[in-house]
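Each chain, letter by letter, is given below.
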Amino acid sequence: MKLKKRALLALLVLPGAALFAQEALTLTADDAVDYALKNSHQLQSGAIDLEIKKRASDTSWNVFLPTAQVSGTLSRANEVADTMGAMMSGLAPLFQAMQIPIPASAAVEESDRWRAVGGISLSFTFSAAMLESMKASRQSYEAGRITWEQTLKQTERDVRKMFYSLLLMQESLKLQEVSLGSAKTRAEQAEINYRNGRVPQLSLLQAQVAYENQKPQVLKLQQTVDNSLSTFAFLLGMGAGTKIRLEGKIEPAYYDLDAASLIQDNLNSRLDLQSLNWNIAIMNTQLKAINLQSVTPALQLSWNYQPVAAMTALKDGADDPWSDNGGLSLTLAWNLTNLLPWSTQRQQAKDLQANIAKLGLSMGMLTDQARNEITSLVNSLDLSRSQLAAMQANIDLAQRAYDMTAASYRNGTTELLDLRDAENSLNQAKLGLLNEQFTYLSGVLDLEYALNTKLGK
């Protein structure tokens, strides 16, 4: 889809001023859809949500990454144990018996209070529920993709329906303008005939009043069309004051439809049913993860390297001042509380089971509603198509009646009121046909959205 953008910027040089004129932007139905999809804030927000879920799905394997940590600690003890002094005190009787002087304890220095501790640790926990969490992330992304597609197609359908409804308003305005032009022509002709003495002044006044009465109606409808076009441009995300001109016709393609075949071939491809299916799948995965957490243990593997050195040893330049207080551990843990039927985890599992059952009921109701919707749309389209043939025949009859009445009016054998009645009947027949064509086209768009496919493929 290409956006036909024709913008004209003309500089009109006036004494002391410069004016800019901009030509209206021409849009087809495809252009309007393309513009809406590119500028819709709702779609942009949905795209961000989808990107978040895609990133979560693509990196769901990160649950298997171990936790790595590096640390460094410098600590000072408030009290320092005098190991040598305690040893000498214990040997004092021996020294006294041997008449050997007891060595004096060394004074505690500030460096004796300090020590340096380093640390490198790795830990990894595995449980069977982690596999289900990865699966849930992928399912969440698929559900988000369906929601995104649903918003996309709904936007396309709504924009097309608004586009053709505006075309219908414009066609109605054209009919009113043609009727106004005819009234003006009759008023001018009546004035000529009055001057030539062919008609009385009353006929002239009737023609002029009929013309003047139609003017406000046409002007009001013109304003309504202009306001609707401005609103449509705003909804498409265009700047304020953007003028648009619609290019297209209300000419629907007609189809021979069979509701039973359409339901059989396309029911399962409906986006609302797919979205609900994914929600059920996500809940089943969550339920499986909770059950696995209850009945399977978790394995935890940890390793750490923790070098420790006394500041005194570092100060004295000892050959090997560091000692390793680290180690390796392998733990298998099983939370038996989760097996109790009244535990929090088991209650969560029961809640999920209840919600899954509710979604199953919703699926049945949504399927029945979808069948009824498709059948109703097909019946409406069949009825509309049969009415279109009758309306076209009615236009032919109304056109013949109007032509004959107009000829009689020109010959002076028919009153102006009869001519206006014939003209109104013709305009109503034409407008009725346009309305029914729009109804059929709108029904086709609704049916294609309901089936999630294009008719005629």
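All of these numbers come straight from a predicted model, not from anything done at the bench. (Residues numbered from 1 in each chain as written. Predicted model: local features only at pLDDT ≥ 70, side-chain atom pairs only at ≥ 80, totals over all residues. Heavy atoms only, no water.)

Asker: Explain the overall build of the protein chain residue by residue, including any values.
Answerer: A count of helices and strands for the protein chain gives eleven helices and ten strands. Partitioning the contacts of the protein chain with sequence separation of at least 6, the portion at a separation of at least 24 is 81%. For the protein chain, the exposed area adds up to about 28,100 Å²; of that, 56% sits on carbon and sulfur atoms. (Helix = DSSP H or I, 4+ residues; strand = E, 2+ residues; numbered from the N terminus. Contact = heavy atoms within 4.5 Å. Areas by Shrake-Rupley, 256 points an atom, 1.4 Å probe, with all protein chains shown as cover.)

Asker: Requested: an account of the nonpolar core, with residues and values cited.
Answerer: Membership of the largest hydrophobic core comes to 35 residues, with the highest contact counts inside it found for Phe163, Tyr164, Phe232, Leu236, Met238, Ile244 and Leu246. Sorting the residues of this core by element identifies strand E3 (25–27), helix H1 (29–39), helix H5 (129–195), helix H6 (201–235), strand E6 (244–246) and helix H11 (416–451) as the ones contributing at least two each. When residues of this core are assigned to their parent elements, the largest contribution, twelve residues, is made by H5. Residues in contact with Leu246, not counting those within four places in the same chain, are Leu27, Phe163, Leu166, Leu167, Gln170, Leu229 and Phe232. Ranked by size, the runner-up nonpolar core spans 32 residues in total, among them Leu267, Leu359, Ala370 and Val444. (Core = buried A, V, L, I, M, F, W, Y, C linked by side-chain atoms within 4.5 Å. Buried < 20%, exposed > 50% of the residue type's maximum accessible area, 1.4 Å probe, protein only.)

Asker: Would you mind going over the layout of surface pockets in detail, with residue names and values included?
Answerer: Here the largest pocket is characterised by a volume of approximately 530 Å³. Around the largest pocket, the lining is made up of 22 residues, and of these Gln189, Asn193, Tyr409, Arg410 and Gly412 lie nearest the centre. Those elements that place two or more of their residues in the lining of the largest pocket are H5, H6, helix H10 (344–410) and H11. Sorting elements by how many residues they give to the lining of the largest pocket places H5 first, with six residues. In the lining of the largest pocket, the residues fall into eight nonpolar, ten polar and four charged. Its boundaries defined by the atoms lining it, the second largest pocket holds a volume of some 280 Å³. For the second largest pocket, the lining is made up of 14 residues, of which Gln176, Ser179, Gln217, Asn424 and Asn427 are closest to its centre. Within the residue set of the lining of the second largest pocket, elements represented by two or more residues are H5, H6 and H11. Top element by residues in the lining of the second largest pocket is H11. It accounts for six residues. When grouped by side-chain class, the residues that make up the lining of the second largest pocket number three nonpolar, nine polar and two charged. (1 Å grid on protein atoms, 1.4 Å probe; cavity = no way out; pocket = protein on both sides within 12 Å on 5 of 7 lines; lining within 4 Å. Points joined across faces, edges and corners; volume = space filled by probe spheres on them. Nonpolar A, V, L, I, M, F, W, Y, C, P; charged D, E, K, R; others polar.)

Asker: Let's hear about the pairing of strand E8 (residues 307–310): which residues, and what values?
Answerer: Sheet analysis places strand E5 (residues 114–126) next to E8, joined by three bridges and oriented antiparallel. Along E8, the bridge assignment pairs Arg115 with Ala310. (Pairing = 2+ DSSP bridges.)

Asker: Just give me the short version of helix H7 (residues 259–266), but keep the residues and values in it.
Answerer: Owing to its 3.6 residues per turn, the α-helix aligns residues three or four sequence positions apart on the same side. Where H7 is concerned, the buried positions are Ala259, Leu262, Ile263 and Asn266. Burial along H7 is one-sided: seen end-on, the buried residues are contained in an arc of 100°. The outward face of H7, more than 90 degrees from its buried face, is lined by the exposed residues Ala260, Gln264 and Asp265. (Arc of directions from axis to C-beta.)

Asker: With reference to specific residues and values, describe the packing of helix H8 (residues 271–295) against H10.
Answerer: Across the interface, H8 lies against H10 with an axial gap of 10 Å and an inter-helix angle of 160°. Taken together, H8 and H10 sit at an angle that is classed as roughly antiparallel. The way H8 lies across H10 gives a crossing that is left-handed. Partitioned by chemical class, the residues of the contact of H8 with H10 number twelve nonpolar, 14 polar and two charged. (Axes fitted to C-alpha atoms, helices over the stretch in contact; angles between N-to-C directions. Parallel < 35°, antiparallel > 145°, perpendicular 65-115°, else oblique. Left-handed = near helix turned anticlockwise from the far one by under 90°.)

Asker: Just give me the short version of the packing of aromatic side chains, but keep the residues and values in it.
Answerer: The final tally for this structure, using the stated rule, is three aromatic pairs. Measuring from ring centre to ring centre gives 5.4 Å for Phe163 and Tyr164, while their planes differ by 90°; the resulting arrangement is edge-to-face. Overall, the relative accessible area of 1% leaves Phe163 in the buried class. Take Tyr164: its relative accessible area is 15%, and that puts it in the buried class. With a centroid separation of 4.9 Å and 50° between ring planes, the pair formed by Tyr254 and Tyr440 is classed as tilted. Highlighted residues: Tyr254 in the loop between E6 and H7 and Tyr440 in helix H11, separated in sequence by 186 residues. Between the NZ or CZ atom of Arg157 and the centre of the ring of Tyr449, over which it lies, the distance is 4.4 Å. (Phe/Tyr/Trp six-rings, centres within 6.5 Å; stacked < 30°, edge-to-face > 60°. Lys NZ or Arg CZ within 6 Å of the ring centre and 35° of its normal.)

Asker: Give me a nonpolar patch on the surface: which residues, what numbers.
Answerer: Residues Val70, Ile120, Leu122, Phe126, Leu131, Leu299, Leu301, Trp303, Tyr305, Leu328, Leu330 and Leu332 make up a contiguous nonpolar surface patch of roughly 1,200 Å² in combined accessible area. Residue assignment for the nonpolar patch shows that the elements contributing at least two residues are E5, strand E7 (298–305) and strand E10 (327–333). When you line up the elements, Leu299 lands in strand E7. (Patch = residues over 30% accessible without salt bridge, like charges linked within 9 Å, V, L, I, M, F, W, Y side chains within 5 Å. Salt bridge = Lys/Arg side-chain N within 4 Å of Asp/Glu carboxyl O.)

Asker: Break down the pattern of salt bridges for me, citing the residues and quoting the values.
Answerer: Side chains bearing opposite charge may pair, as long as their charged atoms lie close to each other. This structure, assessed with the given rule, holds 18 salt bridges. Across the pair Lys174 and Glu171 runs a salt bridge whose closest N-O atoms are separated by 3.6 Å. With Lys174 and Glu171 both in helix H5, this residue pair falls three residues apart, about one helical turn. Exposure remark for Lys174: the relative accessible area of 47% places this residue in the partly exposed category. Where Lys215 meets Glu212, a salt bridge forms, and the shortest distance between an N and an O atom there is 3.6 Å. Of this pair, Lys215 and Glu212 are both found in helix H6, three residues apart, which corresponds to roughly one turn of the helix. Of the residues examined, Lys215 reaches a relative accessible area of 30% and is grouped as partly exposed. One network of salt bridges, with partners in common, ties together Asp30, Glu156, Arg160, Glu448 and Lys454.

Asker: Let's hear about the side chain of Ser179: which residues, and what values?
Answerer: With respect to the helices and strands, the residue Ser179 is situated in helix H5. A residue is classified by how much of its surface remains accessible, and Ser179, at 5% relative accessible area, is buried. Not counting residues within four places of it along the chain, the set of residues in contact with Ser179 comprises Gln214, Glu423 and Asn427.

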